[in-house]
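# Inside the fold
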Amino acid sequence: MSDAAPIGDGIFQIPVPITDNPLGHTLVYAMESPGGLVLVDAGWDDENAWNGLTTGLEAIGHSISDVEGVVLTHFHPDHVGLCGRVREASGAWIAMHEADYSQFEGMTAPRDEQWLEWQRVNMRAAGAPEEDIEAWKKVDLRAPTGPDSAPDRVLVDGETVALTGRELRAVFTPGHTPGHVCFHLPESDIMFTGDHVL
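This structure is a prediction, so every number in the text was calculated from the model and none was measured.

The rules we used
- Residues numbered from 1 in each chain as written.
- Predicted model: local features only at pLDDT ≥ 70, side-chain atom pairs only at ≥ 80, totals over all residues.
- Heavy atoms only, no water.
- Helix = DSSP H or I, 4+ residues; strand = E, 2+ residues; numbered from the N terminus.
- Rg over C-alpha atoms; globule rule 2.2 N^0.38 Å.
- Contact = heavy atoms within 4.5 Å.
- Areas by Shrake-Rupley, 256 points an atom, 1.4 Å probe, with all protein chains shown as cover.
- Disulfide = S-S within 2.5 Å.
- Buried < 20%, exposed > 50% of the residue type's maximum accessible area, 1.4 Å probe, protein only.
- Pairing = 2+ DSSP bridges.
- Axes fitted to C-alpha atoms, helices over the stretch in contact; angles between N-to-C directions.
- Right-handed = clockwise from strand over helix to strand, strands pointing away.

This part is about the overall build of the chain. From N to C terminus, the chain includes 6 helices and 11 strands. Radius of gyration (C-alpha) of the chain: 17 Å, near the 16 Å computed for a compact globule of 198 residues. C-alpha atoms of the chain, sized along the principal axes, occupy 50 × 35 × 25 Å. In the chain, of all internal contacts separated by at least 6 residues, the share reaching a separation of at least 24 is 58%. When the accessible surface of the chain is totalled, it reaches about 9700 Å², and 52% of it is carbon and sulfur.

What follows is about the state of the cysteines. Per the counting criterion, the structure on display carries 0 disulfides. Lacking any disulfide linkage, C83 is separated from the closest cysteine sulfur, that of C182, by 17 Å. Looking at C182, the relative accessible area reads 2%, which means it is buried.

The next point concerns the sheet that holds strand β8 (residues 160-163). Read from one edge to the other, the open sheet built from 4 strands follows the order β8-β9-β10-β11, with strand pairing classed as antiparallel. For this open sheet the edge positions go to β8 and β11 (190-192), each flanked by a neighbour on one side alone. Strand-to-strand twist across the sheet, computed as the mean angle between neighbouring axes with direction ignored, equals 25°. In terms of strand pairing, β8 meets strand β9 (residues 166-172) through 4 bridges, oriented antiparallel. Across the sheet, residue L163 finds its bridge partner in β9, namely R166.

Moving on: the sheet that holds strand β1 (residues 5-8). Here we have 7 strands laid out as an open sheet, ordered β1-β2-β3-β4-β5-β6-β7, and mixed in their pairing. Across the chains shown, the open sheet's two edge strands, defined by having one partner strand only, are β1 and β7 (153-155). Averaged over all neighbouring strand pairs, the angle between strand axes comes to 30°, with direction disregarded. Sheet analysis places strand β5 (residues 67-71) next to strand β6 (residues 93-97), joined by 3 bridges and oriented parallel. Following the sheet pairing, G69 is matched in β6 by W93. Each of β2 (11-17), β3 (25-33), β4 (36-40) and β5 is contacted by helix α1 (residues 47-59), which is oriented at about 160° to β2, the strand it contacts most. Of the strands in this sheet, β5 and β6 touch helix α3 (residues 83-90), which is tilted by about 160° from β5.

Turning our eyes to something else, we now look at the pairing of β4. Within β4, 4 of the 5 residues are buried, which leaves the element mostly enclosed by the surrounding structure. Alignment of β3 against β4, held across 5 bridges, turns out to be antiparallel. Counterpart to Y29 in the pairing with β4 is V40. Taking the residues that link successive antiparallel strands as the turn, the β3-β4 hairpin has 2 residues. Judged from the 4 bridges that link them, β4 and β5 form a sheet pairing that is parallel. Across the sheet, residue V38 finds its bridge partner in β5, namely G69. Considered for its hand, the β-α-β crossover made up of β4, α1 and β5 is right-handed.

Here it is in structure tokens:
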């Protein structure tokens, strides 16, 4: 059973689990578009998340094959991880702001012990407790998402994406990442903020 729910004005919220993470889930939003559905973000890349996304879409009367496109608020893996699987299942396009698009290659690059040590040095400099730094010794060095999740559309500030009977406008909100974007529905004055307000 899914916790997917309508939030009004033809917008559906789908909580997509982040396995073994205190945050619990990423919120994915689905809206009808001329070619099916447009999603705001996609969720973490694992089977638990994939099941959450697909059962969430089924709960609102759709399937993964209905997804026309995914607009991404930013490049972090809890937001982009499932993009490759969504594209494979539906042929969807993936869109991200130009300033984060340039960061994507680094996020999908192979990791090694040198990368892990750099993370620990940064954590220590930021004042992280030693027990948190020690926990990083157990981090999976595989990249959190693969190059198959790479966007194939680049967004700029003010660009619009066609939905059914309305448009979704990209609002450049750098900070959480260099190319973080919020998405605004002007007709209903709804804003999808990703992690801008963290």
